[in-house]
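Each chain, written out:
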Amino acid sequence: MNGIQQHLSSSDPALWSAAAWPFALLRQYGIAPVKLPPKVLDRLVFLWLNHSQIHGSIAFALSSQVGLPRGAWNPTLTPTKVQELTRQLESADEDNVAAARLVAFHSGAVFYN
């Protein structure tokens, strides 16, 4: 997994998308750890909310983490990112909605305790 994770920090957006995809596939087939480290989740959220050209693969990777216990991760969002997240909750794309729900739930910025 570390080999995949390092590509999320690359300056090449093509590598971000390619690196995000296996996280979801490995989790889906029961090969990956049950939860990704918070640092990786934070990077995925950053990429998802800041680079619309790779929304699909990043949302797919984030959506694979649905079910993560609330206290396991606490992303911090700016007010602008909360607005973007709220827009994603109304997306027609199932993975974007699942990713938005995951981030909203864990951040507490949209769904409050």
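Structure shown above.
An account of the accompanying structure is given in this report. Since we're looking at a predicted model, the values are computed, not measured.

What follows concerns the overall build of the protein. Across its full length, the protein carries 6 helices and 0 strands. Ordering the α and β elements of the protein from the N terminus gives α-α-α-α-α-α. Counting across all 113 residues of the protein, residues that qualify as buried make up 41%. Across the protein, the fraction of contacts at a sequence separation of at least 24, relative to all contacts at a separation of at least 6, is 67%. Of the roughly 6100 Å² of accessible surface on the protein, a fraction of 56% belongs to carbon and sulfur atoms.

With that settled, the discussion passes to the environment of A100. With respect to the element layout, A100 can be found in helix α6 (residues 94-107). Judged by relative accessible area, which is 0%, A100 ranks as buried. A C-alpha to C-alpha distance of 9.7 Å links A100 and W48, two positions 52 residues apart in sequence. When residues no more than four places from it in sequence are discounted, the contact partners of A100 are W48, L85, Q88 and L89.

Among the secondary structure elements, A109 is positioned in the segment after α6. The partly exposed category is assigned to A109, whose relative accessible area is 24%. Sequence separation between A109 and P75 is 34 residues; the distance between their C-alpha atoms is 9.2 Å. Leave out the neighbours within four places in its chain, and A109 touches L77, V82 and A104.

We now examine α6. Here α6 contains 14 residues, and its C-alpha end-to-end distance of 20 Å stays within 8% of the 20 Å for a straight helix at 1.5 Å per residue. Among all positions of α6, only N96, V97, A99, A100, L102, V103, A104, H106 and S107 are buried. Tucked into the core, α6 has its buried residues touching α3 (38-50), α4 (55-63) and α5 (79-89). The N-cap residue of α6 is D93: its side-chain oxygen and the backbone nitrogen of D95 are 3.1 Å apart. At the C-terminal side of α6, G108 shows a positive phi close to 75°.

A separate point is the environment of S10. By the element assignment, S10 lies in the loop between α1 (2-7) and α2 (13-28). In this structure S10 comes out as buried when scored by relative accessible area, which is 18%. Ignoring anything within four residues of it in the chain, the contact list for S10 reads L15, W16 and R43.

Criteria and thresholds
Residues numbered from 1 in each chain as written. Predicted model: local features only at pLDDT ≥ 70, side-chain atom pairs only at ≥ 80, totals over all residues. Heavy atoms only, no water. Helix = DSSP H or I, 4+ residues; strand = E, 2+ residues; numbered from the N terminus. Buried < 20%, exposed > 50% of the residue type's maximum accessible area, 1.4 Å probe, protein only. Contact = heavy atoms within 4.5 Å. Areas by Shrake-Rupley, 256 points an atom, 1.4 Å probe, with all protein chains shown as cover. Expected span 1.5 Å × (residues − 1). Polar contact = N/O pair within 3.5 Å; in protein donor to acceptor, adjacent residues only side chain to side chain.

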